[in-house]
Amino acid sequence: MAAAERKGTAQGGFRQAQAWLHTWCGLWFSWLLFAVFLTGTLAVFDDPITHWMTPEHHAEEAAAEAAAKAAPGATRAQRLAWGMAYMARHHPGAQMWELWPSDANGGGELKVYWFDADNRYAEASLDPATGRPLSKPDGHAARATLGGHHFVDFHYELHAGTIGLWIVGIAAMAMLVALVSGVITHKRIFKDFFTFRPKKGQRSWLDAHNAVAVLTLPFQFMIAYTGIVISGTTFMPAGKILHFGTGPAAQAQFVSELGEGGQPPRTGRPMEVPALEPFAARGEALIGQAVRAVVIDHPGDAGARIGVYGWNSGDESMRRLSPTTGMAMFSAATGKVQRVRLPGEADGGAAMLAQSAMGGLHMVTYGGWGMKWLYFLCGLAGTAMMGSGAVLFIVKRRHRHLGEFGGATARVYRLVEALNVAAIAGLAVACVGYLWANRLLPVGIEQRAARELQVFFALWGMALLHAFLRQPARAWREQLVALAALCLLLPVLNLLTTGDHLPAQLLRGDWESAGVELGAVAFGLAATGALRHLQRRTAR
Amino acid sequence: MTTGQAAMLGLALAYAGMAALSFAMDRHHEQLTRRREVPVRLRVSLRMGGTVLLAAAAVPCVSAWGATVGTVAWLGLLSAGALPVALLLPYRPRGVAWLAAFAAVASCIGLALAFAGSLR
Amino acid sequence: MNLRSFPSLAALLLLSRVAAAVIGGYALAAAFAVFLAAVLPAGRAEAVIGGMQLSFVVYLAAVIWAFSPVPLLRAWIGLLLPAAALAALGWALRGAGA
């Protein structure tokens, strides 16, 4: 490789070395990063997507809303008492009781949580008017689905647990390297700031790649770095290991020194859990927020601790980066205040606050819908940055083999071409196909949520196979046609399977469903535009 | 000011500012006027005006979202304003210019109204 | 000797440089995390978090530096030596910052 020989010798070699680094670090991670970025961009609207994917819930939600407005149910004090009675009767030995008495307005659902025998989070819903346990909604009426949360899970761990998390983390680090090396390589970054010359082949692709990257550069750096730091102690445990050690005891010590505070120690002396309402009221006053949850650690023990957590108001969410809610901890036995955390503060000092703010920055927990749309736009730009980079690599080498791999170069280029189609068009097909699966899979089948996921991965796998079996130009065309069709016909699918359609959604103010369908149509139009571009190119 | 209004105002100011900065460059000035070079006085005024517009975009942002989040929103809106300039310049340079002029005027009026409202 | 089945010297040198960047860079970043955790003026756990947050910037800088016109050997030494030094310092100073 010419660049490798030049490295370490020529003076102007720095920019060339960085160009080499940018090309190869960028290329090998482009396909994975495209997937992470596209699903991350869709994850901004995971709740609206989940809403669209659970049409049976619409009637339920509407009824619940109407009921909540008509009769707010019992008071908080009563709800807390019912919750406690339920827990005392059904789960007296649990290490933790968690009660969510109401929504921010004092109405809504009454739910309780605990850790079951397998140490998994378990929940039950109680009737806010009577305190009696509500039977689970008829499993056959509502379809089981991961909803939009699939995009979130895939985005940060590829549905593959810790290994997936590491893979995404490595890719994010590669993205940072690509960003910095790209800036260093881009000689005329200011002069070319607005430069976009369409219809000029390779030059156009380079211009497009530069434009979407440079114009959204602050976002790209922020999103990659915050993404890494959120799971930073997993990726960089060295400090913790050297200063605290390994193993659960060290972890517990670490967590408690951070100020997050694990469970308090048991005393072994039995003590009935006191009435919760006074604690809730005091907590509410201390943190200045309506009560969201009351958590009792070691219920039934004299060392029990009662934590009161608040709801972030819309205004607080709008104006604060750190999403932490207010919290007040009390000793159940003495009623003394153990700790107060004001809304937005972190359990700890400056570094923990930065950690919380960076989490908020990455997951756009702040700023309202306007911010979400900005993230969506910049996310699409980032996705385009990766896709255009991968395409640029091939376009540049279509007419001039650069022989980077000696005799194997042609085969490597063929591999890249196929991966480009599968990673870009194929992944998009899988994403919209997931929505199609949601409507087409029978509602009552076993493991329905897992099946929808299988459709997603199956479509992606088929796209990969297809991309290897067909010539690149044909593969692009056929997958883009599939993409355009699936996207543009999504509203038709919805109409045929649920009877719902855009005018009805708009009439009842269902912006979420309307947004999903209009978004799909917009993506379909973009795919159609790409097809037209392909046609013009092959015609030229 | 609601965040929706702030976003629109901020976007208009960011777009107008970015457009102004683009026309201060020879390459894009030529796209608009067919003249090779930007006259020095025009370049300076476009650069200054563009910078002022970009800075002004921070005002509705901080007003609606507070200082921290407002700064983040401002950066995002700068990007959102720059992207259409780059995308549309090669196709409709005059359209970009007219839209920028309109956006600048409309957002200045909007800002003035918002201030007058808050003073009252 | 069948030259086609033997990776060229240039390819091996390149692989070594990539390894220096990836492994040496991580070593340096981890060492920084350990060192900062010892010296940052905050509680021990807080400093660990702060060190972790900054370590990724160090990693990024290390990778970029490894792909500058430095001889390959200097790339390795330039990353591993400071890493060892900082890690040793961090170990020696533990408990000092709080």
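Preceding block: the structure.
One numbering rule holds for all chains: residues counted from 1, following each sequence as written. Chain A is the first chain written and ligand 1 is the first ligand written, with later ones labelled in order. A pLDDT threshold of at least 70 governs which residues receive local features in this predicted model, and a stricter bar of 80 or more applies before side-chain atom pairs are shown or counted, although totals over entire chains, interfaces and linings include all residues. To get the side-chain values, all heavy atoms of the structure are used, and hydrogens and water are removed first.

**Q** Would you mind showing me how to read the overall build of chain C here?
**A** In terms of helices and strands, chain C carries three helices and zero strands. Computed with a 1.4 Å probe, the accessible areas rest on the Shrake-Rupley method; for each residue, only the protein chains presented here act as cover. Within the structure as shown, chain C displays about 4,700 Å² of accessible surface, and the carbon and sulfur contribution to it stands at 77%. Only runs of H or I of at least four residues qualify as helices and only runs of E of at least two qualify as strands under DSSP, and these elements are numbered from the N terminus.

**Q** Can you walk me through the interface of chain A and chain B in this structure?
**A** The accessible area lost on association of the parts is a frequent measure of interface size. In what follows, a contact means two residues having at least one pair of non-hydrogen atoms within 4.5 Å. Tallying the contact residues gives 25 residues for chain A and 28 residues for chain B. Summing both partners gives a buried area of about 2,100 Å² for chain A against chain B, and 73% of it is carried by carbon and sulfur. Salt bridges, as used here, are contacts in which a Lys or Arg side-chain nitrogen is within 4 Å of a carboxyl oxygen on Asp or Glu. Here chain A and chain B share one salt bridge between them. Two N or O atoms form a polar contact when they lie within 3.5 Å of each other; inside protein one atom must be a possible hydrogen donor and the other a possible acceptor, and for residues adjacent in sequence the pair counts only when both atoms belong to side chains. Run the count over chain A and chain B and you get five residue pairs in polar contact (both at pLDDT 80 or more). Elements with a contribution of two residues or more to the side of chain A that touches chain B: α8 (202-214), α14 (314-319) and α16 (368-398) of chain A. Ranked by the residues each element gives to the side of chain A that touches chain B, the list is headed by α16(A), at five residues. All residues other than Ala, Val, Leu, Ile, Met, Phe, Trp, Tyr, Cys, Pro, Asp, Glu, Lys and Arg, Gly among them, are scored as polar; the first ten of these are nonpolar and the last four charged. Among the residues forming the side of chain A that touches chain B, the class breakdown is 17 nonpolar, three polar and five charged. As a working definition, buried area equals the accessible area (1.4 Å probe) given up by two parts on being put together, with both sides summed.

**Q** Explain a nonpolar patch on the surface to me, please; I cannot follow it from the model alone.
**A** Here a patch means residues that are over 30% exposed by relative accessible area and free of salt bridges, tied together within 9 Å if like-charged and within 5 Å if nonpolar (Val, Leu, Ile, Met, Phe, Trp, Tyr). On the surface, A:Trp28, A:Phe405, A:Leu415, A:Leu464 and A:Phe468 cluster together to form a nonpolar patch covering roughly 410 Å² of accessible area. Mapped onto the secondary structure, A:Phe405 falls in the loop between α16 and α17 (409-440).

**Q** Sorry if this is basic, but what is going on with the pairing of strand β7 (residues 337-341) of chain A here?
**A** Looking along a regular strand, one sees the side chains alternate between the two faces of the sheet. Residue and element names in this part refer to chain A. Pairing between strands is defined by DSSP: at least two bridges between them are needed. Where strand β6 (residues 327-331) and β7 come together, four bridges link them in antiparallel fashion. Among the inter-strand pairings, Ala 328 is bridged to a residue of β7, identified as Val 340. Connecting the antiparallel pair β6 and β7 is a turn made up of five residues, with Gly 335 showing a positive phi of about 80 degrees.

**Q** When you look at helix α18 (residues 448-469) of chain A in this model, what are you seeing that I'm missing?
**A** Because an α-helix packs 3.6 residues into every turn, residues spaced three or four apart end up facing the same way. Along its 22 residues, α18(A) runs 31 Å from first to last C-alpha, staying within 8% of the 32 Å computed at 1.5 Å per residue. Those residues of α18(A) hidden inside the fold are in contact with α3 (46-53), α6 (149-157), α17 and α19 (472-488) of chain A. The length a helix should cover is 1.5 Å for every residue beyond the first.

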